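Summary of structural features
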Amino acid sequence: MRKPIIAGNWKMHKTGAEAKQLVEELKELIAGVEDVEIVVCPPFTALETVTELCRGTNLTVGAQNMHWEKEGAYTGEISGQMLKYLGCRYVIVGHSERRQYFGETNETVNKKVKAALSCGLYPIVCVGETLEQREAGITAEVCRKQVEEGLASLKDDQVSRVVVAYEPVWAIGTGRTASARDAEEVISYIRSVVAGMYGEKAAGEMRIQYGGSVKPDNIKELMEQPNIDGALVGGASLKAQSFAQIVRFEG
Ligand SMILES: O=C(CO)COP(=O)(O)O
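Residues numbered from 1 in each chain as written. Predicted model: local features only at pLDDT ≥ 70, side-chain atom pairs only at ≥ 80, totals over all residues.

- Under an unreviewed UniProt entry, the name given to the chain is Triosephosphate isomerase, and the organism recorded is Calderihabitans maritimus.
- Quoted verbatim from the Subunit (unreviewed entry) field of UniProt, the annotation for the chain is "Homodimer."
- The Subcellular location (unreviewed entry) comment attached to the chain in UniProt states, word for word, "Cytoplasm". (UniProt positions renumbered as here; feature names shortened; annotations may be inferred.)

Right under this line is the structure:
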C-alpha cells in the first residue's frame, strides 16, 4: 500500500516568524493524523525554524530546490547535504517555476534527483505540460520525456524513494484544476512509463501526487482516484486551516 503524501509548497512566502506561526497553528489542526504523510516545504530561510518545530510531530519537512554538488564555488546555492543536516526529509526538484524562470532542464533535474537520493533525501520530482502543449495534444509525450530523462539511471533500490508530482502548468495558481479524471489518466500513464523503466513492482510502489489549484473542495475527488497518492499544494498550503482540511481530505 502506498501511503498518501500531502505536501505544501510555500514557494517564496513566509518569513521565519510567519513560518513559526503557521506551523504552530497547523500542528494543532492536524494532531492525530497518522495515515497521511504531511510535508511542509518552506523557503530556505525558514527551514531551520520549521525543522525544529516539527521534530517529534507528524509533520515532516522538505526544501524547494537544491544543487547537485555536495559543495563548491556555486554562489547562492544550497546542497542536499546542507538540507539533510538541517533535518529535511524531502526536496522538491524540477518545479515548473524553476524550469520556466531558472533554466531547470530534465538533465539538471536528473543530477539533482541522484544527488538527493545519494545523500538520503527523498526527491519530489515535478513534471507536467503547459497549456500550449496540452492543446497541441502532446501531454503524454512531454510527461514521458520528463520522467524518462528526469529519473534516468537510478539504482533499483532508489526508485521507490522518489515521489513524482504531476503538475500541469496551466493549473498552477490559476484556480483551474485538472479534473480528477484527467489527472488520473496522466498519472496512470506516468506510472506505466516508470514501469517501462524500472518494472511493475517499482512503479507500483512509487507515490505520484497531483498538483495545481488543489483546494479543500477538490481534494476528496482527487484522492478517490486509484493512482493519485497525494497532492502538492501551493496557495492553499499557506493557511493552516485550508491545508489541514486538505490533509484530512475534507471539503
Ligand atoms: O505549484 C504548485 C505546488 O507546487 C501548485 O500551486 P497552487 O496550488 O497554488 O496552484
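Right, picking up where we left off after that structure.
**Observations concerning the overall build of the chain**
- Counting its regular elements, the chain contains 12 helices and eight strands.
- Whereas a compact globule of 251 residues would reach a radius of gyration of roughly 18 Å, the chain reaches 17 Å, a difference of no more than 12%.
- A principal-axis box enclosing the C-alpha atoms of the chain has dimensions of 45 × 45 × 35 Å.
- The 251 residues of the chain split such that 44% are buried. (Helix = DSSP H or I, 4+ residues; strand = E, 2+ residues; numbered from the N terminus. Rg over C-alpha atoms; globule rule 2.2 N^0.38 Å. Buried ≥ 20, exposed ≤ 12 C-beta atoms within 10 Å, placed from the backbone.)

**A look at the nonpolar core**
- Counting 72 residues, the largest nonpolar core has Val91, Ile124, Val125, Val164, Tyr166 and Ile190 as its most contacted members.
- Looking at this core element by element, the count peaks at seven residues for helix H9 (residues 180-198).
- Sequence-distant contacts of Val125, defined by excluding residues within four places in its chain, comprise Val93, Gly94, Val109, Val113, Gly150, Leu151, Val162, Val164 and Ala165. (Core = buried A, V, L, I, M, F, W, Y, C linked by C-beta atoms within 7 Å. Contact = placed C-beta atoms within 7 Å.)

**With respect to the site of the ligand**
- By nearness alone, 14 residues border the ligand, and Asn9, Ile172, Ser213, Gly234 and Gly235 come closest of all.
- The residue inventory of the shell around the ligand, partitioned by class, reads five nonpolar, eight polar and one charged. (Near = placed C-beta within 6 Å. Nonpolar A, V, L, I, M, F, W, Y, C, P; charged D, E, K, R; others polar.)

**A few points about helix H5 (residues 106-118)**
- For H5, which comprises 13 residues, the first-to-last C-alpha distance of 18 Å matches the rise-based estimate of 18 Å (1.5 Å per residue) to within 8%.
- Val109, Asn110, Lys112, Val113, Ala115 and Ala116 are the residues of H5 that are buried.
- Tucked inside the fold, the buried residues of H5 contact helix H3 (80-86), strand E4 (90-93), strand E5 (122-127) and helix H7 (139-150).
- Looking one or two places after H5, you find Gly120, whose phi comes out positive at around 90°. (Expected span 1.5 Å × (residues − 1).)

**Re the UniProt feature "active site" (unreviewed entry) in the chain**
- UniProt marks His95 and Glu167 with the feature "active site" (unreviewed entry), using the numbering shown here. Spanning 73 residues, the annotated positions come together in the fold, the maximum distance between their C-alpha atoms being 8.4 Å.
- Inspection of the secondary structure assignment puts His95 in the loop between E4 and helix H4 (96-101).
- Mapped onto the elements of the fold, Glu167 is located in the loop between strand E6 (163-166) and H9.
- Taking the number of C-beta atoms within 10 Å as the measure of exposure, Glu167 has 28 and is therefore buried.
- Excluding residues that lie within four positions of it along the chain, Glu167 makes contacts with Ser96, Cys126, Gly128, Ile172, Gly211, Gly212 and Leu232.

**Focus: the environment of Leu154**
- Here Leu154 shows up in the loop between H7 and helix H8 (156-159).
- A tally of 19 C-beta atoms within 10 Å means that Leu154 is categorised as partly exposed.
- Between the C-alpha atoms of Leu154 and Leu22, which are 132 residues apart in sequence, the distance is 36 Å.
- Leu154 has contacts with Lys114, Leu117 and Val159, leaving out every residue within four places of it along the chain.

**As for the UniProt feature "binding site: substrate" (unreviewed entry) in the chain**
- Residues given the UniProt feature "binding site: substrate" (unreviewed entry) here are Asn9, Trp10, Lys11, Gly173, Ser213, Gly234 and Gly235. These annotated residues cover 227 residues of sequence, and their C-alpha atoms lie no more than 13.9 Å from one another, placing them together at a single site.
- For Gly173, the residues in contact, after removing those within four places along its chain, are Gly234 and Gly235.
- Non-local contacts of Gly234, meaning those with residues more than four positions away in its chain, are made with Asn9, Lys11, Ile172 and Gly173.

**Some remarks on the packing of H7 against H9**
- At their nearest, the axes of H7 and H9 sit 10 Å apart, and the two run at 40° to each other. Put simply, H7 runs oblique to H9. Crossing geometry of H7 relative to H9 is assigned as right-handed. Contacts between H7 and H9 pair Thr139, Ala140, Cys143, Arg144, Val147 and Glu148 from the former with Val186, Tyr189, Ile190, Val193, Val194 and Met197 from the latter. (Axes fitted to C-alpha atoms, helices over the stretch in contact; angles between N-to-C directions. Parallel < 35°, antiparallel > 145°, perpendicular 65-115°, else oblique. Left-handed = near helix turned anticlockwise from the far one by under 90°.)

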